[in-house]
Structure formats: structure tokens, C-alpha cells
Amino acid sequence: MKILVIGPSWVGDMMMSQSLYRTLKAEHPEAVIDVMAPAWCRPLLSRMPEVNQALAMPLGHGALALGERRRLAKTLQASGYDRAYVLPNSFKSALVPFFAGIKRRTGWRGEMRYGVLNDVRTLDKAAFPLMVERYVALGYDKPVASAQQLPQPLLWPQLRVDDDEKQMTAAQFALSADRPVIGFCPGAEFGPAKRWPHYHYAALAEQLIGEGYQVVLFGSAKDRETGDTIVQTLSEAARAHCKNLAGDTQLEQAVILLANCAAVVSNDSGLMHIAAALNRPLVALYGPSSPDFTPPLSQQARIIRLISGYHKVRKGDAEQGYHQSLIDIQPARVHQELSALLHPVQE
């Protein structure tokens with residue numbers, strides 16, 4: 001069986017989609033699964049053993065580009081796909097499998113996609129509260145009525161990184177072999193309201209460095225300034241053991257370096273979901289965004305959140321745009337959770 005998946009376009013969503021691929025492999029061990037997604041997803045897809053190949057989706061979010069989608073579909077026809085699974089909910093995301101004439105095209109109804117999808121599932125959001133449950137439910141031939149009916153446990157994301165890669169990449173970025181690494185992911189896609197304050201990160205880094213760890217900051221080029229601010233807030237002695245790699249790593253390198261971390265502290269972000277899929281001890285810090293829909297999928301993760309509900313804000317009312325609920329999470333509390341993960345009590 002040859003399967004084409006039209007994958008999501010965000011890091012966290014892409015990570016959670018691996019649960020569908022794992023489910024499809026469990027249901028159909030002989031299946032060959034190709035995933036079409038933005039080219040930047042390749043470093044993630046290449047580390048998912050269930051995925052045969054990543055196919056680049058050259059069209060961006062807003063483009064309908066019917067002609068381009070037809071041409072893209074034509075290049076897929078020779079592959080002889082038996083099934084397609086469309087994970088985004090937009091009408092246009094379902095067009096390539098439709099134009100390619102793939103016999104069975106499965107997805108949630110989304111933007112009234114009758115016709116372009118011929119195995120249309122109607123989503124009851126209350127019955128599937130988690131995004132990962134919605135992805136996994138598509139992997140079964142017969143519609144599943146609720147998350148309670150999904151076989152348990154769900155097959156959570158698991159990225160593959162080998163030890164040689166970890167050692168080589170750590171050496172490439174001149175990380176000390178003498179100090180275990182604690183990774184910090186202080187950025188957030190939609191502004192400061194989802195970020196734990198830089199001064200809290202700095203206070204935690206100071207304490208961890210004093211305990212013999214080194215701290216490495218991860219993120220995109222947009223997070224470079226945030227990382228620099230954290231480093232500048234440290235004492236001069238501590239700065240020697242804190243490295244800001246935000247913007248300096250390709251996604252592939254960041255994945256490998258996160259796999260090399262003894263533990264990770266992260267805001268709600270794509271890197272948080274990668275750390276969870278690498279099964280790193282993880283403290284996930286939430287403010288206005290809610291873990292009720294997209295929590296980190298790992299038994300090694302601990303979530304700290306002091307408020308409830310979902311608050312759609314991109315800039316908080318507190319100093320420097322931070323949200324008060326994240327300011328209220330004290331470094332001592334994060335250190336306590338981190339220590340419990342790093343030094344579990346043996347029963």
C-alpha cells in the first residue's frame with residue numbers, strides 16, 4: 001500500500017502528525033508512507049522511521065495556485081498512491097490528492113471538502129480534545145466516534161538520533177564534554193506573551209551553572225536577541241558556561257543538540273514538541289496558550305501553568321510584553337521540577 005500524507009506546516013503540528021504515521025504502520029505494516037510538507041520539515045521527517053520520503057510542498061499558506069497544484073499532482077500520478085490523508089483543514093490542501101486521482105482521500109471535513117475528499121470524517125471537537133487524537137483517528141479505516149475508542153496507549157512521536165551524531169554536533173559547536181547540557185528554548189512564535197521572562201531564565205541558568213551544568217539556548221534568528229539578553233543578565237563567571245545558539249543552528253543541528261541535552265526548559269513552542277519527541281526530561285512553561293489541545297507528548301514532561309482557559313494575546317500587559325501568568329512562575333519552582341526529572345526518587 002502506498003500512502004501520501006499532506007502534512008501540516010508548523011513544527012509542533014508536524015511533530016504530532018508522527019503519531020498518525022506510527023498508527024498507519026501499526027495498522028498496515030507493509031505501507032509505504034510519503035509526506036508532502038514544506039521543505040523545512042525534511043530534517044524532522046527524515047528522523048521518523050515510518051516515513052519513506054519527504055516531498056516538498058512548494059506552495060505557501062495563502063496561495064490557491066490551481067495551475068501549480070495540478071502540475072504538482074501530475075508529478076505524483078506515476079507513484080501510484082492508493083490512499084491520501086490530508087491533515088490541514090483547508091480546501092486547497094486537499095486539491096493535490098484530488099487532482100492526482102488518488103483513489104481514497106481521507107480527512108476531516110474542514111472547509112466543506114466534499115468531493116475533493118471522498119472519505120470525509122466529521123469532527124466532534126469535544127470528542128477529540130487533543131490535536132494528536134484527531135490525527136490518529138484518521139488512521140483507522142472505520143470512523144472512530146471519540147478519543148475513548150482509540151486503541152491505547154497512543155503511539156506518541158519519537159524522533160531518532162544516534163549517539164555519534166550527538167557527539168559530533170556537540171563538538172562542532174564547541175560544547176564542553178565535562179558539563180551536562182541543559183537546553184533552554186526561550187522563544188515563541190507569536191511574541192513575548194508566550195515567553196517566560198528573560199530574567200527568570202537567567203536566574204535559573206545561574207543556579208544550574210553553579211551546580212555544574214552548561215546552558216545552551218536554542219531558537220531561530222528571531223530569538224537571537226532574547227538569547228543575548230539572557231546571557232547578558234548572567235554574572236560574568238556564569239557567561240562562560242552559557243551559549244546562545246539561537247539563529248546559529250539549522251533545524252537538523254538543533255534536533256541533534258536537543259537530543260544531547262540532559263534536560264530542556266521551554267516555552268510553549270515547536271522546539272518544546274521536538275524535545276518531547278526526543279524523550280528528553282522537559283519542563284514546559286505555559287501562560288496564555290493552553291496545554292489542553294497541544295501538550296508535550298512525553299512521560300518525561302512536566303507542565304507548569306498557573307492559569308486556566310485559553311487567552312488569545314500576543315503581547316502581555318506586564319513589563320516588556322510578558323504575560324503576568326508567566327512572570328508569576330518563579331525560577332525556584334522550575335528548578336524544583338527540573339531537579340525531580342534529573343534526579344528521580346527510586347521507589
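Residues numbered from 1 in each chain as written. Predicted model: local features only at pLDDT ≥ 70, side-chain atom pairs only at ≥ 80, totals over all residues. Heavy atoms only, no water.

- Going by the annotation in an unreviewed UniProt entry, the name recorded for the chain is lipopolysaccharide heptosyltransferase II, with Candidatus Pantoea symbiotica given as the source organism.
- UniProt annotates the chain under Sequence similarities (unreviewed entry) with the comment "Belongs to the glycosyltransferase 9 family." (UniProt positions renumbered as here; feature names shortened; annotations may be inferred.)

## What to know about helix 8 (residues 224-233)
Working note: α-helix, 3.6 residues per turn, so residues spaced by three or four point in the same direction.
Piece 1. Of all the residues in helix 8, the buried ones are Thr-226, Gly-227, Ile-230 and Val-231. When helix 8 is viewed along its axis, its buried side chains cluster within an angular range of 135° and face the same direction. Residues of helix 8 that are exposed and point over 90 degrees away from its buried face: Glu-225 and Gln-232.
Piece 2. Check the buried side of helix 8 and you find it contacts helix 7 (198-210), strand 8 (214-217), helix 9 (236-239) and strand 9 (242-244). (Buried < 20%, exposed > 50% of the residue type's maximum accessible area, 1.4 Å probe, protein only. Helix = DSSP H or I, 4+ residues; strand = E, 2+ residues; numbered from the N terminus. Arc of directions from axis to C-beta. Contact = heavy atoms within 4.5 Å.)

## Structural notes on the sheet that holds strand 5 (residues 104-108)
Piece 1. The six strands lie next to each other as 3-2-1-4-5-6, forming an open sheet whose pairing is parallel. A single partner strand is all that each edge strand has here, and the edge strands are strand 3 (51-56) and strand 6 (119-121). The sheet shows a mean angle of 20° between the axes of neighbouring strands, direction not considered.
Piece 2. Both strand 1 (residues 2-6) and strand 4 (residues 83-86) contribute to a ladder of four bridges, which runs parallel. Bridged to Val-5 within strand 4 is Tyr-85.
Piece 3. Docked against the sheet, helix 1 (residues 11-27) engages strand 1, strand 2 (32-37), strand 3 and strand 4, running at close to 160° with respect to strand 2. (Pairing = 2+ DSSP bridges. Axes fitted to C-alpha atoms, helices over the stretch in contact; angles between N-to-C directions.)

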